[in-house]
Amino acid sequence: MDKGVLILSLGSDLYGRYAFNLALSIKHTTPNVHVTVVHSNNLYRLTEKQLAVFDNMIECPGEYYMSGNKVCYINAKLWLDKLTPYKETLFIDADMIVSPYKSVESIFKKCKGNDFVMICRGIDSNISEWVNVEEMKDKFGIKKWYDCSSELMYFEDTTIFEKARDIHDLYLNGEFYFKNFAGGVPDEACIVPALLISNKKPKFVPFKPSYWEGVENKFMKSEEIFNNFELLSIGGNSASKHIQNIYNLVIKWYGSKTGLATFTYENKMRIQERKLI
C-alpha cells in the first residue's frame, strides 16, 4: 500500500484504547487515510465496531519487543520499518489525537519525498534526558545535537532504523551511558544519533506538528492549540488537569460525531513498565 498511519498498541490495554481514540480522530478528519495498529493482543477492551475503525491490525512479533528474557515494549519503535505495510509511513504515538481543525494529510504533504522526518524542537541543543550528548558527539563524529522526539515520525526508507538497531546493541554492550526508560534503552537514544549520523541534521528545524505541554512552557487554551498544531499529545507519565480536560472534551466530541464510545484520559503510572522510569 502506498501510504498510511501506523500506531503501536503494546502492553497495557490502555494503549489499545488510546490507539482507538487516535484512529477515530484521524478517520473523522481524513476519512481516506489508511490506518494500521500493531498490537500485542491488548485490544480486548474494544468492541467490534471500535475495532472496525482500524483498516488493518497486525500482531507484533515478540522478538521486536523482547530484550533477552525481558519484555521491553519501547524496542518495537526500532522495528517500524519491518512492521509497516506502507511505502510512505506516518508513525504517531497512540497517546495523541488530531486537531478538529487540522488533518494528518498536511503532514504527509510536507514530508513526502523525504527518507525520514521526525519532530525536532531544538536547533542546537547539548541537553538530552537520555544520553550524555558530548559522549555521543565524540563517539559518532556528530557536530550538532538536536532535540528530537519519536512521538511522530515519517519515513520512506529503512536506513535510520537499521542504524538505530546497531546503536541499540552498542548500549546493551555497555559502550556508553543511557538513562533507563520503561525498562530498557530509550528509543530516541538510538534513533536521534542514527538520524544525525546519516543526515547530519533533521530535515525540518524546527518541526512541531504536535502540542506537548512538557516543552511549550506556556499556557495555551484549546482553540490556540488546535489552530496551531495538527495534534495534541498527552505523552509522559501524566498531564495537567487543563490538558486532560481538553483531551476528554475533544475525544468526546469525536465520539458524538461518529456514534462510537470513546475513552477518557488515564494516568500511565498505573502501568508496570512506566514505574521503571
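Note: the structure precedes this text.
Residues numbered from 1 in each chain as written. Predicted model: local features only at pLDDT ≥ 70, side-chain atom pairs only at ≥ 80, totals over all residues. Heavy atoms only, no water.

Caption draft 1: The arrangement of the overall build of the protein in detail. For the protein, the helix and strand inventory stands at ten helices and eleven strands. What you see for the protein is a C-alpha radius of gyration of 18 Å, in line with the 19 Å of a compact globule of 277 residues. Scored against the burial criterion, the 277 residues of the protein give a buried share of 55%. Separation of charge centres in the protein, based on 34 positive and 34 negative side chains, amounts to 5 Å. (Helix = DSSP H or I, 4+ residues; strand = E, 2+ residues; numbered from the N terminus. Rg over C-alpha atoms; globule rule 2.2 N^0.38 Å. Buried < 20%, exposed > 50% of the residue type's maximum accessible area, 1.4 Å probe, protein only. Lys, Arg positive; Asp, Glu negative; His and termini not counted. Charge placed at Lys NZ, Arg CZ, Asp CG, Glu CD.)

Caption draft 2: Examining the nonpolar core more closely. If you look at the biggest cluster of nonpolar residues, it comprises 51 residues, and the most contacted ones within it are Val-5, Ile-26, Leu-90, Ile-92, Val-104 and Leu-232. Leaving out residues up to four positions away in the same chain, Ile-92 has contacts with Val-5, Leu-6, Ile-7, Leu-22, Ile-26, Val-104, Glu-151, Leu-152 and Leu-231. Within the second largest apolar cluster, 43 residues are counted, among which are Met-118, Val-131, Phe-176 and Ala-182. (Core = buried A, V, L, I, M, F, W, Y, C linked by side-chain atoms within 4.5 Å. Contact = heavy atoms within 4.5 Å.)

Caption draft 3: Region of the structure containing helix H5 (residues 133-140). By the burial criterion, the buried members of H5 are Val-133, Met-136 and Lys-137. Down the axis of H5, the buried side of the element spans an arc of 100°, and every buried residue falls inside it. Elements in contact with the buried residues of H5: helix H6 (159-172) and helix H7 (187-199). The residue sitting at the N-terminus of H5 and contributing the capping side-chain oxygen is Asn-132; that oxygen lies 3.2 Å from the backbone nitrogen of Glu-134. Positive backbone phi, at 65°, marks Gly-141, one or two positions downstream of H5. (Arc of directions from axis to C-beta. Polar contact = N/O pair within 3.5 Å; in protein donor to acceptor, adjacent residues only side chain to side chain.)

Caption draft 4: Quick peek at the packing of aromatic side chains. A full pass over the atoms with the stated rule returns 14 aromatic pairs. Measuring from centroid to centroid gives 6.2 Å for Phe-108 and Tyr-154, while their planes differ by 85°, and the two rings are edge-to-face. Taken together, the residues span a long stretch of sequence, with Phe-108 in helix H4 (residues 105-111) and Tyr-154 in strand E9 (residues 148-155) at a distance of 46 residues. Exposure class is identical for Phe-108 and Tyr-154. Each is buried. Arranged with centres 5.8 Å apart and planes meeting at 75°, the rings of Phe-116 and Phe-161 form a pair that is edge-to-face. You can see Phe-116 sitting in strand E8 (residues 116-120) and its partner Phe-161 sitting in helix H6, a full 45 residues away along the chain. Every member of this aromatic cluster is reached through a ring pair, and the members are Phe-140, Tyr-171, Phe-176 and Phe-178. (Phe/Tyr/Trp six-rings, centres within 6.5 Å; stacked < 30°, edge-to-face > 60°.)

Caption draft 5: How the structure looks around unusual backbone geometry. Omega for the peptide link from Val-205 to Pro-206 comes to -5°, which places this bond in the cis form. Checked against the element boundaries, Pro-206 lands in the loop between H7 and strand E10 (210-211). Backbone geometry places Lys-200, a non-glycine residue, at a positive phi of 75°. For Lys-200, the position within the fold is in the loop between H7 and E10.

Caption draft 6: Focus on the layout of surface pockets. Estimated volume of the largest pocket: approximately 1000 Å³. Lining the largest pocket are 41 residues; nearest its centre among them are Lys-77, Asp-93, Trp-130, Phe-181 and Glu-188. Counting residues per element, the ones that place at least two in the lining of the largest pocket are strand E1 (3-9), E9 and H7. Across the lining of the largest pocket, the residue classes tally to 21 nonpolar, eight polar and twelve charged. (1 Å grid on protein atoms, 1.4 Å probe; cavity = no way out; pocket = protein on both sides within 12 Å on 5 of 7 lines; lining within 4 Å. Points joined across faces, edges and corners; volume = space filled by probe spheres on them. Nonpolar A, V, L, I, M, F, W, Y, C, P; charged D, E, K, R; others polar.)

Caption draft 7: Representation of the pattern of salt bridges. Enumeration according to the criterion identifies 15 salt bridges in this entry. Glu-266 is the salt-bridge partner of Arg-17, the closest N and O atoms lying 2.5 Å from each other. With a gap of 249 residues between them, Arg-17 in helix H1 (residues 13-29) and Glu-266 in the segment after helix H10 (241-258) connect regions that are remote in the sequence. Of the residues examined, Arg-17 reaches a relative accessible area of 3% and is grouped as buried. Overlapping salt bridges, with partners in common, bring together Asp-13, Arg-17, Arg-45 and Glu-266 in one network. (Salt bridge = Lys/Arg side-chain N within 4 Å of Asp/Glu carboxyl O.)

Caption draft 8: Representation of H10. The end-to-end C-alpha distance of H10 is 26 Å, a good match for the 26 Å that 18 residues give at a rise of 1.5 Å each. Along H10, the residues classified as buried are Ile-243, Gln-244, Ile-246, Tyr-247, Val-250, Ile-251, Tyr-254 and Gly-255. Buried residues of H10 fall within an arc of 165° about the axis and therefore sit on the same side. Along H10, exposed side chains directed more than 90 degrees from the buried face belong to Lys-241, Leu-249, Lys-252 and Ser-256. Where the residues of H10 are buried, they touch H1, strand E7 (96-98), E10, helix H8 (213-216), helix H9 (222-228) and strand E11 (231-233). One or two residues past the end of H10 sits Gly-259, with phi positive at roughly 80°. (Expected span 1.5 Å × (residues − 1).)

Caption draft 9: Broad picture of the sheet that holds strand E2 (residues 35-39). The strand order across the open sheet formed by six strands is E3-E2-E1-E6-E9-E8, and the pairing between neighbours is mixed. Among the strands making up the open sheet, the edge pair consists of strand E3 (56-59) and E8. Going from strand to strand, the sheet's axes swing by 25° on average, the running direction of each strand aside. Pairing between E2 and E3: four bridges, direction parallel. Within E3, the residue paired with Val-38 across the bridge is Ile-58. Against the sheet, H1 engages E1, E2 and strand E6 (88-92), with an angle of about 160° to E1. Relative to the sheet, H7 contacts E8 and E9, its axis offset from that of E9 by approximately 60°. (Pairing = 2+ DSSP bridges. Axes fitted to C-alpha atoms, helices over the stretch in contact; angles between N-to-C directions.)

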